[in-house]
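Commentary on secondary and tertiary structure
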Amino acid sequence: MVESKISQYLHLYETMKNSYKWKVGDPALRMIPLFYLMKDHPFDPKRYEGFLQGIQNQTGMFSNFRGTNQYLIAAMMDTEGYTAASVSQLMELEKHLKHARIKGPYMPMVAVSLLSEASLTTRLIKAQEIYQLMKREHKFLTGSDDLPMAVLLAKDQREAKALIEQMEGYYDRLAKKRYHKGNMLQMMTHILTVLQAEEMKISLLERCEVFLDEMKRQKVKWNDYFYPQIPLLLINEQPVEEVVRYLGEYTKQLSVTKGFKWQGSMNTILAAMLVVSEFVKDEEYNAMLKMGVTTVVQQIMQAQQAAMIAAIGASTAAAASASSN
């Protein structure tokens, strides 16, 4: 299983690397193939290029839709089943988001996640309320990278204040269990709040609380940038030690692969998403998601995208920090 999944990933990675290695940053280039694996969506170079061309034709040189973002947006739109013609709709949505004060470098990804939504006004007002409450709780941690999660959380029927209280409870409890306070833990609690449906048999928080102890026991390395992936890894009924064993096997295999040997904790981040892509196909996992929670599957897919975007941003920042030392 491990070799097969990694083989699929490496094939996609090499295909993209051959075409785009001089155009997109290395962390993003390593993450983009995961969008296709997570959705089990075939990569078609011609179709992908159509999205890129559409974005370039309708944006200016300094637009947030350009640079690395355009390659992420193309992958997100492609794997969501849109066509290149939908880029025009995306540009219209950008105006709506700007009017709602949803802006910054992550706004294009927010726009893609909202493309299929019929009515946005109420949700965007709630997203702003959630975002402002986030800032009140964590003034120096909260920034534009939290907007995608605020928009996703706004889909929840609970009031914004109740969502924030739940997140803060998670944040305080996890900070006592090896987790370091900071932006990555905040992002993790956002995803945890999105995924923890009341109808679920499992407590994601309790599983998260013992997860890092098990990582240490099995000697699987990690750093804080890995936190947002953890709730995604644990939203299944596999024993925590088994999840960590899978993760360790994937990480080890990547670490002996040419081109990945010196990637360190980036390999753990990549391995986590590969493991999640396996669990998504698991019959027991899918059965758990059919307990009357109609939006859970879509939330998981959006949370995966948010986690991958966070990982790309974090790994880029880590690379920049390392090169300056």
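Attention here is on the structure that accompanies the text. (Residues numbered from 1 in each chain as written. Predicted model: local features only at pLDDT ≥ 70, side-chain atom pairs only at ≥ 80, totals over all residues. Heavy atoms only, no water.)

Topic: the overall build of the protein
- On a plain count of helices and strands, the protein comes out with 16 helices and zero strands.
- Taken across its 325 residues, the protein has 55% of its residues classed as buried.
- Restricting to contacts in the protein with at least 6 residues of sequence separation, those with at least 24 account for 71%.
- Carbon and sulfur atoms make up 51% of the accessible area of the protein, which totals about 14800 Å². (Helix = DSSP H or I, 4+ residues; strand = E, 2+ residues; numbered from the N terminus. Buried < 20%, exposed > 50% of the residue type's maximum accessible area, 1.4 Å probe, protein only. Contact = heavy atoms within 4.5 Å. Areas by Shrake-Rupley, 256 points an atom, 1.4 Å probe, with all protein chains shown as cover.)

Some details on unusual backbone geometry
- Here the phi dihedral of D40 falls at roughly 55°; this positive angle occurs in a residue that is not glycine.
- Its relative accessible area of 55% is what places D40 among the exposed residues.
- Within the chain, R178 stands out as a residue other than glycine whose phi angle is a positive 75°.
- One can find R178 in the loop between helix 9 (160-174) and helix 10 (183-195).
- The exposure class of R178 is partly exposed, given its relative accessible area of 40%.

Structural notes on the nonpolar core
- The biggest cluster of nonpolar side chains holds 117 residues, and the ones touching the most others in it are Y48, Y179, F211, I230 and L247.
- No other element matches helix 14 (residues 265-280), which puts 10 residues into this core.
- With residues near it in sequence (within four places) discarded, Y48 still touches M16, Y20, I32, Y36, F43, Y71, A74, A75 and D78. (Core = buried A, V, L, I, M, F, W, Y, C linked by side-chain atoms within 4.5 Å.)

Considering the pattern of salt bridges
- Scanning the entire structure with this criterion turns up 13 salt bridges.
- Between D26 and R30 there is a salt bridge, and its shortest N-O distance comes to 2.7 Å. Of the two residues, D26 and R30 are both situated in helix 2 (residues 26-39); the distance of four residues between them amounts to about one turn of the helix.
- With a shortest N-O distance of 2.8 Å, R173 and E209 are connected by a salt bridge. Remark: E209 occurs in helix 11 (residues 204-217) and R173 occurs in helix 9; sequence separation between them is 36 residues.
- R173 sits in the partly exposed class, given a relative accessible area of 39%.
- Judged by its relative accessible area of 12%, E209 falls in the buried class.
- What you see here is one network of salt bridges that share partners, running through E117, R123 and K155. (Salt bridge = Lys/Arg side-chain N within 4 Å of Asp/Glu carboxyl O.)

Here we look at the environment of D40
- You can see D40 is positioned in the loop between helix 2 and helix 3 (45-57).
- Between the C-alpha atoms of D40 and T79, which are 39 residues apart in sequence, the distance is 8.5 Å.

Some remarks on the packing of helix 4 (residues 68-79) against helix 6 (residues 107-114)
- In contact at an axis separation of 10 Å, helix 4 and helix 6 are set at 10° when each is read in the N-to-C sense. Judged by the inter-axis angle, helix 4 sits roughly parallel to helix 6. Mapping the contact onto sequence places N69, L72, I73, M76 and M77 in helix 4 and P108, M109 and V112 in helix 6.
- Its residues assigned to classes, the contact of helix 4 with helix 6 comprises seven nonpolar, one polar and no charged. (Axes fitted to C-alpha atoms, helices over the stretch in contact; angles between N-to-C directions. Parallel < 35°, antiparallel > 145°, perpendicular 65-115°, else oblique. Nonpolar A, V, L, I, M, F, W, Y, C, P; charged D, E, K, R; others polar.)

Examining the packing of helix 1 (residues 2-20) against helix 13 (residues 240-255)
- Following both chains from N to C, one finds helix 1 and helix 13 inclined at 50°, their axes separated by 10 Å at the closest point. With respect to helix 13, the element helix 1 is oriented oblique. Judged by the sense of rotation from one axis to the other, the crossing of helix 1 with helix 13 is right-handed. Of the residues in helix 13, those in contact with V2, E3, K5, I6 and Y9 of helix 1 are E249, Y250, Q253 and L254.
- Classifying every residue of the contact of helix 1 with helix 13 gives five nonpolar, one polar and three charged. (Left-handed = near helix turned anticlockwise from the far one by under 90°.)

Observations regarding the packing of aromatic side chains
- Tallied over the full model, the rule gives nine aromatic pairs.
- Taken together, Y20, Y36, F43, Y48 and Y71 form an aromatic cluster joined through their ring pairs.
- Here the basic side chain of R245 rests over the ring of Y246, its NZ or CZ set 5.2 Å away from the ring centre. (Phe/Tyr/Trp six-rings, centres within 6.5 Å; stacked < 30°, edge-to-face > 60°. Lys NZ or Arg CZ within 6 Å of the ring centre and 35° of its normal.)

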